Amino acid sequence: MNNIDNYNFSGKKALVRVDFNVPLNDNFEITDTTRIDAALPTISKIIDGGGSVILMSHLGRPKTGPEGKFSLKHLLPYLREKLGMEVQFADDCIGEQAKKKAGALKPGEVLLLENLRFYKEETKGGEEFASKLASLGDVYVNDAFGTAHRAHASTAIIAQFFPDDKLFGYIMENEIRSIDKVIHDSGKPFTAILGGAKVSGKIEIINKLLDKVDNMIIGGGMMFTFIKAMGGNIGNSLVEEDLVETAKKALDKAKELGVNFYIPSDAIAAAAFDNDAITKLVSADAIPDGFMGLDIGPESIKSFTEAIGRSATILWNGPMGVFEMSNFEAGTKAIAKAIAEATQKGAFSLIGGGDSVAAINKYHLKDKVSYVSTGGGAMLEYIEGKELPGVRAVMGG
Ligand code: AMP
């Protein structure tokens, strides 16, 4: 199979699906450049190999065709600065102008196409749309892990038009390698830490991971559905009533399998969802009425930190509390630090999911963990054992 290191890009136009779905502020400035920065090694490799690059991506969720605020042209100043060269722009991802500009590209040149999602055919996986995109390049490179779990035109359908010239970029290669390592080749003890607001998006992965891990640590808003399942009082904390039974079953499964299930013993409860609200340190299963648990407490931090410190493999998805507010960030910060420390001692740590990545960045620990995944949803689905359309399209046939 072709790969980015052995493929001869000389004289070729590489059509690269990147994930440039970055957050923009009201002045259309990028507030987090992680996704663009992550794609630079793939772009540079193609240019250094004598090829030219046609970048395609989505940005936001435009509803009905082109919308100025979702234009990829907002990314041009940053891209030009980072690549240190001119980056051309086609204000439609298909059509005459894109064809002309792509056709005229010389080795070493870069062209950015307008937002793919200005066409509904992109998310619908339209074949004709995919073939129009495909006609712009000689080789297809998928480096958009964040959308690999979607069978969209540019992430999966397009690959059929490049039977002998399709490959993964470095982000995709590294993501797949890191996740494979965690699920197929994990050193023991293996600890999974799951947090965030909701159980609903994560119950499948909890069940799947119970077959593999030694320790399952639960924090964040979703802990209260488990605490309720165990008969605790959760006051006004977040809860998904319809999942209480499911949570109970997961707890039973953990017991059967001998997995240590860590549920917080204490919590910081607040009188309102507000950083300035009155707070109380309470037992996590005795949240007073009128209060809601917004972070894990010091006793939980201590026990979680110890378990993390003994681990050889660590997977983290989702914050321990409302870490965006300074009074409820202690749990998330302590867990992030504990993961970094365990990594320094030799553990392999994989962090994924928008909010845990934001937390790792906030505490400047990105370089102290083994791998930070760029795609939360895709990472979870891959760990659940689902075949990702974007991966299959390049690997298969
Ligand atoms: P998710 O998208 O499910 O990973 O949830 C991430 C969000 O969960 C973050 O924005 C956190 O602020 C929020 N969160 C974490 N802990 C709690 C909590 N105890 N109560 C309410 N929201 C929480």
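None of the values given here were measured: they were computed from a predicted structure.

## A look at the nonpolar core
Within the largest apolar cluster, 139 residues are counted, with the highest numbers of intra-cluster contacts made by Phe20, Met216 and Phe226. The element that contributes the greatest number of residues to this core is helix α6 (residues 170–184), accounting for seven residues. Each of two domains, domain 1 (13–169) and domain 2 (186–383), supplies a minimum of three residues to this core. Formed by eight residues, the second largest nonpolar core is a distinct cluster that contains Ala270, Met292, Met325 and Phe328.

## Things to note about the sheet that holds strand β3 (residues 87–90)
Strand order across the open sheet formed by six strands is β3-β4-β2-β1-β5-β6, with parallel pairing between neighbours. With partners counted over all chains shown, the strands left at the sheet margins are β3 and β6 (166–168), one partner each. Adjacent strand axes in the sheet meet at a mean angle of 25 degrees when their direction is disregarded. With three bridges joining them, strand β2 (residues 52–56) and strand β4 (residues 110–113) adopt parallel strand pairing. If you follow leucine 55 over to β4, its bridge partner there is leucine 112. Sitting on the sheet, helix α2 (residues 76–83) is in contact with β2, β3 and β4, with an inclination near 150 degrees to β3.

## Section: the sheet that holds strand β7 (residues 190–194)
Read from one edge to the other, the open sheet built from six strands follows the order β9-β8-β7-β13-β14-β15, with strand pairing classed as parallel. Looking at which strands have only one partner, the edges of the open sheet turn out to be β9 (260–262) and β15 (371–372). Taken strand by strand, helix α10 (residues 298–309) contacts β7, β8 (215–218), β9 and β13 (313–317), and its axis lies near 145 degrees from that of β8.

## A closer look at the pattern of salt bridges
Under the criterion given, the structure shown has 15 salt bridges. Ionic pairing is found between glutamate 86 and arginine 80, a salt bridge with its closest N-O pair at 3.4 Å. Among the ionic pairs, lysine 188 bridges to aspartate 214, the shortest N-O distance being 3.6 Å. Residue lysine 188 is found in the loop between α6 and β7, and its partner aspartate 214 is found in the loop between α7 (203–210) and β8; the two are separated by 26 residues along the sequence. Counted as one network, the salt bridges with shared partners bring together Glu204, Glu384 and Lys386.

## A word on the packing of aromatic side chains
The tally for this structure, following the rule as stated, stands at five aromatic pairs. Residues phenylalanine 226 and phenylalanine 261 carry aromatic rings whose centres are separated by 5.5 Å and whose planes lie at 45 degrees to one another, so their mutual orientation is tilted. With a gap of 35 residues between them, phenylalanine 226 in helix α8 (residues 223–229) and phenylalanine 261 in strand β9 connect regions that are remote in the sequence. Given a relative accessible area of 19%, phenylalanine 261 falls into the buried group. In this structure, lysine 181 packs its charged tip against the face of phenylalanine 348, placed 5.1 Å from the ring centre. The aromatic ring of phenylalanine 291 is capped on one face by lysine 280, whose charged end is 4.7 Å from the ring centroid.

## Looking at the environment of isoleucine 157
With respect to the helices and strands, isoleucine 157 occurs in the loop between β5 (139–142) and β6. Beyond its immediate stretch of four places on either side in the chain, isoleucine 157 contacts Gly125, Gly126, Glu127, Ala130, Ala151 and His152.

## Quick word on the site of the ligand
Inspection of the region around the ligand gives 14 residues, with Ala197, Lys202, Gly293, Glu324 and Asp355 positioned closest. Contacts to the ligand include lysine 198, whose backbone N or O atom sits 3.5 Å from an oxygen atom. In this structure, glutamate 324 approaches the ligand through a side-chain N or O atom, which is 2.5 Å from an oxygen atom. When isolated, the ligand has an accessible area of 510 Å², and the protein chains bury 78% of it. Class assignment for the residues of the shell around the ligand results in five nonpolar, five polar and four charged.

## Focus on the domain arrangement of the protein
It is common to give the size of an interface as the accessible area that goes away when the parts come together. Each assigned domain of the protein is listed with its residue range as follows: domain 1 (13–169) and domain 2 (186–383). Using only C-alpha atoms to locate each centre, domain 1 and domain 2 end up separated by 35 Å. If you sort the residues of domain 1 by the area they bury against domain 2, Thr34, Phe145 and His149 come out on top, with a joint share of 70%. Linking domain 1 with domain 2 are zero salt bridges.

Rules used throughout
Residues numbered from 1 in each chain as written. Predicted model: local features only at pLDDT ≥ 70, side-chain atom pairs only at ≥ 80, totals over all residues. Heavy atoms only, no water. Core = buried A, V, L, I, M, F, W, Y, C linked by side-chain atoms within 4.5 Å. Buried < 20%, exposed > 50% of the residue type's maximum accessible area, 1.4 Å probe, protein only. Helix = DSSP H or I, 4+ residues; strand = E, 2+ residues; numbered from the N terminus. Domains from an automatic or database assignment. Pairing = 2+ DSSP bridges. Axes fitted to C-alpha atoms, helices over the stretch in contact; angles between N-to-C directions. Contact = heavy atoms within 4.5 Å. Salt bridge = Lys/Arg side-chain N within 4 Å of Asp/Glu carboxyl O. Phe/Tyr/Trp six-rings, centres within 6.5 Å; stacked < 30°, edge-to-face > 60°. Lys NZ or Arg CZ within 6 Å of the ring centre and 35° of its normal. Near = heavy atom within 4 Å. Polar contact = N/O pair within 3.5 Å; in protein donor to acceptor, adjacent residues only side chain to side chain. Areas by Shrake-Rupley, 256 points an atom, 1.4 Å probe, with all protein chains shown as cover. Nonpolar A, V, L, I, M, F, W, Y, C, P; charged D, E, K, R; others polar. Buried area = accessible area lost by both parts, 1.4 Å probe.

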